[in-house]
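Residues per chain, in single letters:
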Amino acid sequence: MLNDAFYDSLGLMLFMLNPFLLIVYLIDLIEELDSKTFATVLIRAGIISGGCYVIFAVLGNEIFNTLFKADFASFQIFGGIIFLITGIKYVFDGNKAIKSLRGEPKYVQGGIVMPIMVGPGTISASIIVGQRLDYAPAIGIILVSLVVCITTVILLKELYTKVKKKNEALLLKYIDIIGRVAALLIGTFSIEMIMSGIKAWVAKF
């Protein structure tokens, strides 16, 4: 049973930190930054994100129930709406939607963290992992997922740089298509978050 919970939780975190979706959202930074700078920025963003994930995995319910006096279901509903808006903007505006959310270049690692790496989906996943497992395995899953995600994105950046020289127009077209398909998946997951929150609220009465 523990193994099932462990692997299910690992799969959940890897799904929410999908590097193949993340690379689409960061495509403008991949083009603008050299490999060393990009890796540095991404690792810093990963450290910030990891800290947030661990806090919510360990203290998730207490944060909502004690500090904010609110139910996790409320966060699921509101977070799902924010997630849905982000997905809709990406469907219609492409990568420009994410770029506008990141703000000024000098705040780039913070912009990667919010709302791309630390968003309603990843926070919800962290809380769920913390509920399923003890603290040590939960934190281990978070760290492994982050390392896998960041390493994969850095490798994809190198691959993109090499392939782009020969097939730039075609590659950008495929990335745009993948991004819009990913936005559809984000929208679908956001609806699931909203419905889960509503079901949890209804169950209380």
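Refer to the preceding data block for the structure.
Predicted, not measured: the structure shown is a model, and the values here were computed from it.

(A) Representation of the nonpolar core. Within the largest apolar cluster, 49 residues are counted, with the highest numbers of intra-cluster contacts made by Met-13, Leu-17, Leu-26, Phe-38, Tyr-53, Met-117 and Val-153. Among the secondary structure elements, those contributing two or more residues to this core are helix 1 (2-16), helix 2 (19-25), helix 3 (27-32), helix 4 (35-67), helix 5 (72-93), helix 8 (120-132) and helix 9 (135-203). When residues in this core are grouped by element, the largest group, 15 residues, is from helix 9. Setting aside anything within four residues of it in sequence, one finds Tyr-53 in contact with Met-13, Leu-17, Met-117, Val-118, Thr-122, Ser-126, Ile-142 and Leu-146.

(B) Highlighting the packing of aromatic side chains. Inspection of every chain in the model, using the stated rule, returns two aromatic pairs. The interplanar angle of 90 degrees and the centroid separation of 5.5 Å between the aromatic rings of Phe-6 and Tyr-7 together place this pair among those described as edge-to-face. On the accessibility criterion, Phe-6 (28% relative accessible area) is partly exposed. On the basis of relative accessibility, which here comes to 55%, the residue Tyr-7 falls in the exposed class. Stacked on the ring of Phe-38, the Lys or Arg Lys-157 has its end atom at 5.9 Å from the ring centre.

(C) Focus on helix 5. In this model, helix 5 (22 residues) spans 31 Å end to end at C-alpha, consistent with the 32 Å of a helix rising 1.5 Å per residue. Among all positions in helix 5, only Phe-72, Ala-73, Phe-75, Gln-76, Gly-79, Gly-80, Phe-83, Thr-86, Gly-87 and Tyr-90 are buried. End-on, the buried residues of helix 5 take up no more than an arc of 135 degrees, which puts them together on one face. Turned more than 90 degrees from where helix 5 packs its buried face, Phe-78 and Phe-92 sit exposed.

(D) Layout of the packing of helix 5 against helix 8. Packing of helix 5 against helix 8 brings their axes to within 9 Å, and their N-to-C directions diverge by 150 degrees. Between helix 5 and helix 8, the interaxial angle falls into the category roughly antiparallel. Only Pro-120, Gly-121, Ile-123, Ser-124 and Ile-127 of helix 8 make contact with helix 5, whose side of the interface consists of Phe-72, Phe-75, Gly-79, Gly-80, Ile-82 and Phe-83. Across the contact of helix 5 with helix 8, the residue classes tally to seven nonpolar, four polar and no charged.

(E) Quick peek at a nonpolar patch on the surface. Judged by side-chain polarity, Leu-170, Tyr-174, Ile-177, Ile-178, Val-181 and Leu-185 come together as a nonpolar surface patch covering roughly 580 Å² of accessible area. Tracing the backbone through its elements, the reader meets Ile-177 in helix 9.

(F) Structural detail: the environment of Ile-139. Within the secondary structure, Ile-139 sits in helix 9. For Ile-139, a relative accessible area of 27% puts it in the partly exposed group. Separated by 85 residues in the primary sequence, Ile-139 and Val-54 have C-alpha atoms spaced 6.1 Å apart. Excluding residues within four positions of it along the chain, Ile-139 makes contact with Val-54 and Val-58.

Calculation rules
Residues numbered from 1 in each chain as written. Predicted model: local features only at pLDDT ≥ 70, side-chain atom pairs only at ≥ 80, totals over all residues. Heavy atoms only, no water. Core = buried A, V, L, I, M, F, W, Y, C linked by side-chain atoms within 4.5 Å. Buried < 20%, exposed > 50% of the residue type's maximum accessible area, 1.4 Å probe, protein only. Helix = DSSP H or I, 4+ residues; strand = E, 2+ residues; numbered from the N terminus. Contact = heavy atoms within 4.5 Å. Phe/Tyr/Trp six-rings, centres within 6.5 Å; stacked < 30°, edge-to-face > 60°. Lys NZ or Arg CZ within 6 Å of the ring centre and 35° of its normal. Expected span 1.5 Å × (residues − 1). Arc of directions from axis to C-beta. Axes fitted to C-alpha atoms, helices over the stretch in contact; angles between N-to-C directions. Parallel < 35°, antiparallel > 145°, perpendicular 65-115°, else oblique. Nonpolar A, V, L, I, M, F, W, Y, C, P; charged D, E, K, R; others polar. Patch = residues over 30% accessible without salt bridge, like charges linked within 9 Å, V, L, I, M, F, W, Y side chains within 5 Å. Areas by Shrake-Rupley, 256 points an atom, 1.4 Å probe, with all protein chains shown as cover. Salt bridge = Lys/Arg side-chain N within 4 Å of Asp/Glu carboxyl O.

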